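The residues making up each chain are set out below.
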Amino acid sequence: MAADLGELLVPYMPTIRVPRTGDRVFKSECAFSFDSPESEGGLYVCMNTFLGFGREHVERHYRKTGQSVYMHLKRHVKQKSTGAAGGAIPRRRNGKVFLDLELNRDFNGEDYEYDDVAKLVIFPDHFEIPLPNIEELPALVTIACDAVLNSPSAYKKHEPESWDEEIQVSRHARSLIQQENEVRIPPSGWKCQKCEMRENLWLNLTDGAVLCGKWFFDGSGGNGHALDHYRESNFPLAVKLDTITPDGADVYSFEEEEAVLDPHISEHLSHFGIDMLQTQQKTENGHHTDNNVRQRVSEWEVIQESGMKLKPVYGSGYTGVKNLGTSCYVSTVMQVLFSIPEFQRMYVGSLQRIYDYSPLDPTQDFATQMAKLGYGLLSGQYSKPPMKSELIEQVMKEEYKHLQKGISPRMFKALLSKDHPEFSSNRQQDAHEFLQHVMNQVERNSGGSENPSDVFRFLVEERVQCCQSRRVRYSQRVDYLIQLPAPIEAATNREELLAYAAKRKDAEENMTALPEPVRARIPFTACLQAFTEPENVPDFWSSALQAKSAGIKTSRFASFPEYLVLQVKKFTFGVDWVPKKLDLAIDVPDFLDLNRLRASGLQSGEEELPDLTPPIVIAEDTRDNSMSSLDSPEIDEAAVMQLAEMGFPLEACRKAVYYTGNMGPEMAFNWIIAHMEEPDFAEPLTLPSMMDPLPPSTSDSPMTSAPLLGGPPEESIAILTSMGFPRSHTVQALKATNNNLERALDWIFTHPEEEESEALSDLGDTEPNDMAFSNANSHSDSTLSPDRDTSGPRVKDGPGRYELFAFISHMGASTMSGHYVCHIKKEGRWVIYNDHKVCLSERPPKDLGYIYFYHRLSSS
């Protein structure tokens, strides 16, 4: 028999491999489905690529690759039989089989036992060879089988614990000398000291310089000023500002050229006024929470609808998702996205085509993993109602369990979080940031064609006015969601909040029990009003004055998306840098009409700002003697005193009146509310200084000032061209996105050079305009709106009337802790998705949501 098996395997020996260091063995989940060794058909592991396939998908892999030898893994889960002693000792057959395979935690280890069976299967005849079979198999095959059976899980190597272990302590951490320069870093409002970047900012731990990082292909990054600063100063360590948590922070060593650990990071940050310490604990169910649980006990109960006998639902569209520990932010976002028809059609509707054309490693293909997750959520295959016998058994035992196990998002999360420092960690993350990340990936993997994220895209018209010259500039930008302010001062129970604050302060001083917390109740109309209020433009340069001046900006919808996403700005930073969440409730409406917020473009009587580029700024110390101050503008002192009588600092009132161009106390009051948390809120008003005059022109036209206009920065062009994009296309992308690298990359992916915008052919009668486009046709149901030129983004427009269909809620004190659930309206009823539990909602807590999703109502 041994000779027969050896002869049988001879033709296939060249295709059988022994897993090497670095090889991942997918023996717990199918690459195309959520089948596992516990599934009815078991799992087939390719003995060449070590990819896993369910029974329905292994034939496809065989036909595509010609690989014939697979290891079939099957786990039988059995409930223990209880004897006279009332229990039984768990037994395992074939102890080495699945040695490192994770147990299904949905089964209580004390009540169930596992019998594991493995065998080799040769396709296409399905010839089976039981394992282990050391005596009859060739030595190479035996070694390969043993290695596969004993290899760690494919994802164990990618668990955050091992990722953390690879990072070494920096040799500069213990000996770092910090300058005594009294630099204090505020909890928000950061900006690179050498450019306008407000993202991917790094704090140098020696001198406190805040500078932007380098640009990365995933869209993050900046202009590399943090690295330039190191080359000039040799200050080696920097920490990324938005990664500081009570558990640590992302630290980079420029000298060592890698991410490092800083055991003294808390001390180094406190040097700049940053307190990163905040004790945390984990609840028994794995959700991160904090020590101040009492403040939000009711929030957890209300959002999860605890105490109610919620009815489980099963079938298509009602599949839960297992929580991997802190993956609820992933499951809530994906549950909502796959409730949208465009996402369903793109991935689930094209499932067979995506699978047939998937690459040799489908675990690394975005479209494949999106289709797999979408089918898992929508097919109903993994959400089947319990058998009648199981229900009777529950009643007899007086145990009522959610028998739906849900699908595991492990493979999907591993792909989406690949090379991402935050989503690849085991920390809780912001669902809003993950939603943006997913839409980014959808956009980039669409190959320039239309994609389901188009349903969120809309144009925002920004109107900027110089407060001194009163001249205006209109421009447009692309956006995907609205961040809605939550003005606490507009709370309807303000007196109750003030009384609670006084009682809390008294209790803290006297070391007595804290009073019952009071949640602020804010009208949705107040949030919308705060969103539409004018805001100050930092470092505004007026082309009319050719100098820095005060400027205000208002935003309106230039187009309305098919699906509107509203994120409530509930999270902020305390003065001690500890992130916190505002405890508030907003009466979010089921129906929303935003038509009054549609942009109207340049109005009669308005004068546009000249289209000039700000001059190149020379170092301040070389210009101090050549700059003269502007004449002090007039400030409405009556408005200042009216605001001061309301209790605001006098200097803040003067700035509010100045920055709103003496438009009255009401406008100034809104400015105060929007800026009262800024660190320089109460500092004296500093008037802008006149910049050097423009160089003399050789022509009467002001547009001939060539040294000032120029093109995009060469370093930005070099970054994009180094990725293989043509220079002309790169320049066009940077110009269309105001030299923003991240937006330029998105623009390139959505506007291939060879593609002519067929979607704009029906707008041939629209006059090209370098500023804003005409809204004459903006009210049609499917009008495509160009950006600044005819190659701008495709945007579908329609009426601004919407209906709420989903919302994501967060429980906990900050985005770094807590738990997410989502509610989705399906078939006219609200359904709560809480990890693997899917039930009909009795009281959907719409007022406590974090991200709201609306779909457009038809014009009829």
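Residues numbered from 1 in each chain as written. Predicted model: local features only at pLDDT ≥ 70, side-chain atom pairs only at ≥ 80, totals over all residues. Heavy atoms only, no water.

Q: If you had to explain the packing of helix α8 (residues 328–337) against helix α14 (residues 431–444) to someone new, which residues and values would you point to?
A: The geometry of α8 relative to α14 is characterised by a closest axis approach of 9 Å and an angle of 55° between their N-to-C directions. The angle between the axes of α8 and α14 places the two elements in the oblique class. In terms of crossing hand, the pair formed by α8 and α14 is right-handed. Listed contacts from α14 to Tyr-329, Val-330, Val-333, Met-334 and Leu-337 of α8 are Ala-431, Phe-434, Leu-435 and Val-438. For the contact of α8 with α14, the residue count by class is nine nonpolar, no polar and no charged. (Axes fitted to C-alpha atoms, helices over the stretch in contact; angles between N-to-C directions. Helix = DSSP H or I, 4+ residues; strand = E, 2+ residues; numbered from the N terminus. Parallel < 35°, antiparallel > 145°, perpendicular 65-115°, else oblique. Left-handed = near helix turned anticlockwise from the far one by under 90°. Contact = heavy atoms within 4.5 Å. Nonpolar A, V, L, I, M, F, W, Y, C, P; charged D, E, K, R; others polar.)

Q: Describe in detail the packing of helix α17 (residues 637–644) against helix α18 (residues 650–659), supporting the description with residues and values.
A: Geometrically, a packed helix pair is captured by the angle between its two axes and the distance between the axes. Interaxial distance between α17 and α18 falls to 9 Å at its minimum, and their mutual angle equals 135°. Judged on the interaxial angle alone, α18 and α17 are oblique. Between α17 and α18 lies a crossing of right-handed hand. Residues Glu-637, Ala-639, Val-640, Met-641, Leu-643 and Ala-644 of α17 pack against Leu-650, Cys-653, Arg-654 and Val-657 of α18. Its residues placed into classes, the contact of α17 with α18 shows eight nonpolar, no polar and two charged.

Q: A description of the pattern of salt bridges should follow, citing residues and the corresponding values.
A: Side chains that differ in sign of charge can pair as their charged atoms come close. On inspection of all chains with the given rule, the structure shows 27 salt bridges. For Arg-171, the salt bridge goes to Glu-255, with nearest N and O atoms at 2.7 Å. Note that Arg-171 is positioned in the loop between α4 (160–166) and β7 (201–204) and Glu-255 in the loop between β10 (251–253) and β11 (258–260), a separation of 84 residues in sequence. One salt bridge connects Glu-803 with Lys-825, and the closest N-O pair in it is separated by 3.7 Å. Pair noted here: Glu-803 is in strand β29 (residues 801–811) and Lys-825 is in strand β30 (residues 819–826), with a separation of 22 residues, a long-range link. A residue is classified by how much of its surface remains accessible, and Lys-825, at 33% relative accessible area, is partly exposed. One salt-bridge network, held together by shared partners, links Glu-462, Arg-477, Asp-479 and Lys-553. (Salt bridge = Lys/Arg side-chain N within 4 Å of Asp/Glu carboxyl O. Buried < 20%, exposed > 50% of the residue type's maximum accessible area, 1.4 Å probe, protein only.)

Q: Any chance you could break down unusual backbone geometry for me, citing the residues and the numbers?
A: Omega for the peptide link from Phe-123 to Pro-124 comes to 5°, which places this bond in the cis form. Counting through the fold element by element, Pro-124 comes out in the loop between β5 (112–122) and β6 (127–131). Cis geometry is found at the peptide bond from Leu-131 to Pro-132, where omega equals -5°.

Q: Any details on the sheet that holds β11? Residues and values, ideally.
A: Note on sheets: strands pair through backbone hydrogen bonds, and any given pair is parallel or antiparallel. Spatial ordering of the open sheet is given by β8-β7-β9-β10-β11, a layout of five strands whose pairing is antiparallel. The open sheet has two edge strands, β8 (210–212) and β11, and neither has a second partner. Each adjacent strand pair in this sheet contributes to an overall mean axis angle of 40°, direction not counted. Relative to the sheet, helix α5 (residues 225–233) contacts β7 and β8, its axis offset from that of β8 by approximately 120°. (Pairing = 2+ DSSP bridges.)

Q: Would you mind going over the packing of aromatic side chains in detail, with residue names and values included?
A: Tallying each qualifying case throughout the model produces 24 aromatic pairs. The interplanar angle of 75° and the centroid separation of 5.9 Å between the aromatic rings of Tyr-44 and Phe-123 together place this pair among those described as edge-to-face. Of this pair, Tyr-44 sits in strand β1 (residues 43–46) while Phe-123 sits in the loop between β5 and β6; the two residues are 79 residues apart in sequence, bridging distant segments of the chain. Among the residues examined, Phe-123 registers a relative accessible area of 1% and is labelled buried. The structure contains a cluster of three or more aromatic residues connected by ring pairs, namely Phe-338, Phe-343, Tyr-347, Phe-366, Phe-456, Tyr-563, Phe-805 and Phe-853. The ring of Phe-32 has Arg-60 sitting right over it, with the charged end atom 5.3 Å from the ring centre. (Phe/Tyr/Trp six-rings, centres within 6.5 Å; stacked < 30°, edge-to-face > 60°. Lys NZ or Arg CZ within 6 Å of the ring centre and 35° of its normal.)

Q: Tell me about the environment of Glu-607, residues and numbers included.
A: In this fold, Glu-607 is placed in the loop between β26 (591–593) and α17. When the C-alpha atoms of Glu-607 and Val-472 are compared, they prove to be 6.2 Å apart, with 135 residues separating the residues in sequence. Beyond its immediate sequence surroundings of up to four residues, Glu-607 is in contact with Arg-471 and Val-472. A distance of 3.2 Å separates a polar atom in the side chain of Glu-607 from a polar atom in the side chain of Arg-471. (Polar contact = N/O pair within 3.5 Å; in protein donor to acceptor, adjacent residues only side chain to side chain.)

Q: Hey, could you go over α5 for me, with residue numbers and the actual values?
A: Of the positions making up α5, those classed as buried are His-225, Ala-226, His-229, Tyr-230 and Ser-233. Taken end-on, α5 shows its buried residues confined to a sector of 150°, consistent with a single buried face. Contact partners of the buried residues in α5: β7 and β8. Of the residues trailing α5, Asn-234 is marked for its positive phi of about 65°. (Arc of directions from axis to C-beta.)

Q: Tell me about the sheet that holds strand β14 (residues 458–466), and name the residues and values.
A: A sheet is described by the order of its strands in space; here four strands give the open sequence β15-β14-β21-β18, paired in antiparallel fashion. What marks the edges here is a single partner per strand, and that holds for β15 (472–479) and β18 (535–536). Note that β14 and strand β21 (residues 551–557) share seven bridges and pair antiparallel. Note on β21: the bridge partner recorded for Glu-462 is Ser-555.

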